[in-house]
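Tertiary structure, described
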Amino acid sequence: MPLFTVAEAREVLLELMPTLERFIALRADAAELGASIRGHSLGGAMELHELNQRLESLMRTIQETGAQVRGWAPMLMDFPASLEEENVLLCWLEGDLGLAWYHKPDVGFQGRRPLRFDA
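Values in this document were obtained by computation on a predicted structure and should not be read as measured data.

**Some thoughts on the overall build of the chain**
- A count of helices and strands for the chain gives 2 helices and 5 strands.
- Ordering the α and β elements of the chain from the N terminus gives α-α-β-β-β-β-β.
- With 119 residues in all, the chain has 38% of them scored as buried.
- Looking at the chain alone, contacts between residues at least 24 apart form 40% of all its contacts between residues at least 6 apart.
- In the structure as shown, the chain presents an accessible area of about 7,600 Å², 55% of it carried by carbon and sulfur atoms.
- In the chain, 11 positive and 18 negative side-chain charges are present, and the distance between their average locations comes to 4 Å.

Written as structure tokens, this is what we have:
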């Protein structure tokens, strides 16, 4: 598994932002369409299938960068990295303005700590 530097992970995240924004919008569209067709006839089922196909394609694009998707509602991603010779996961949660958190792999999200500004 390749390790990112903080700068590399931030660059990848910046490059992924348009993809992430599309994913988040399509995820909401799929949720709304799914709720509207539940219990009804097959009307909308094909459109929902197409939305899910597009979401899967965007997910593959995200994962091809080396980012690890941990959740998709809300979107949560980790970037494997090494800080001060310790393996960590740089952590981004939907709504974060940038990549500003990390946690140890064995602790998970609840152990998130802020990255130093100079990292």
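**Section: a negative patch on the surface**
- A cluster of acidic residues, Asp 29, Glu 32, Glu 47 and Glu 50, forms a negative patch on the protein surface.
- Only helix 1 (6-37) and helix 2 (45-63) provide two or more residues apiece to the negative patch.
- By the secondary structure assignment, Glu 47 is in helix 2.
- Given the relative accessible area of 47%, Glu 47 is considered partly exposed.

**A look at the pairing of strand 1 (residues 68-72)**
- Across 4 bridges, strand 1 lies against strand 2 (residues 75-83) in antiparallel orientation. Within strand 2, the residue paired with Trp 72 across the bridge is Met 75.
- In textbook terms, the turn of a hairpin is the stretch between consecutive antiparallel strands, and for strand 1 and strand 2 this stretch comprises 2 residues.

**Description of the pattern of salt bridges**
- Under the defined criterion, the tally for this structure stands at 5 salt bridges.
- Notably, a salt bridge pairs Arg 112 with Asp 96, separated by 3.5 Å at the nearest N-O pair. Placement of Arg 112 in the loop between strand 4 (101-103) and strand 5 (113-114) and of Asp 96 in the loop between strand 3 (86-93) and strand 4 is noted, with a sequence separation of 16 residues between them. In terms of burial, Arg 112 and Asp 96 fall into one category: buried.

**Quick notes on unusual backbone geometry**
- Looking along the chain, the bond that leaves Ala 73 and enters Pro 74 is cis, with omega of 5°.
- Looking at where Pro 74 falls in the secondary structure, it is placed in the loop between strand 1 and strand 2.
- Of note in this structure, Glu 84 is not a glycine but carries a positive phi near 50°.
- In this fold, Glu 84 is placed in the loop between strand 2 and strand 3.
- Owing to a relative accessible area of 68%, Glu 84 belongs among the exposed residues under this scheme.
- For Glu 85, which is not a glycine, the phi torsion comes out positive at approximately 65°.
- With respect to the element layout, Glu 85 can be found in the loop between strand 2 and strand 3.

The rules behind the values
- Residues numbered from 1 in each chain as written.
- Predicted model: local features only at pLDDT ≥ 70, side-chain atom pairs only at ≥ 80, totals over all residues.
- Heavy atoms only, no water.
- Helix = DSSP H or I, 4+ residues; strand = E, 2+ residues; numbered from the N terminus.
- Buried < 20%, exposed > 50% of the residue type's maximum accessible area, 1.4 Å probe, protein only.
- Contact = heavy atoms within 4.5 Å.
- Areas by Shrake-Rupley, 256 points an atom, 1.4 Å probe, with all protein chains shown as cover.
- Lys, Arg positive; Asp, Glu negative; His and termini not counted.
- Charge placed at Lys NZ, Arg CZ, Asp CG, Glu CD.
- Patch = residues over 30% accessible without salt bridge, like charges linked within 9 Å, V, L, I, M, F, W, Y side chains within 5 Å.
- Salt bridge = Lys/Arg side-chain N within 4 Å of Asp/Glu carboxyl O.
- Pairing = 2+ DSSP bridges.

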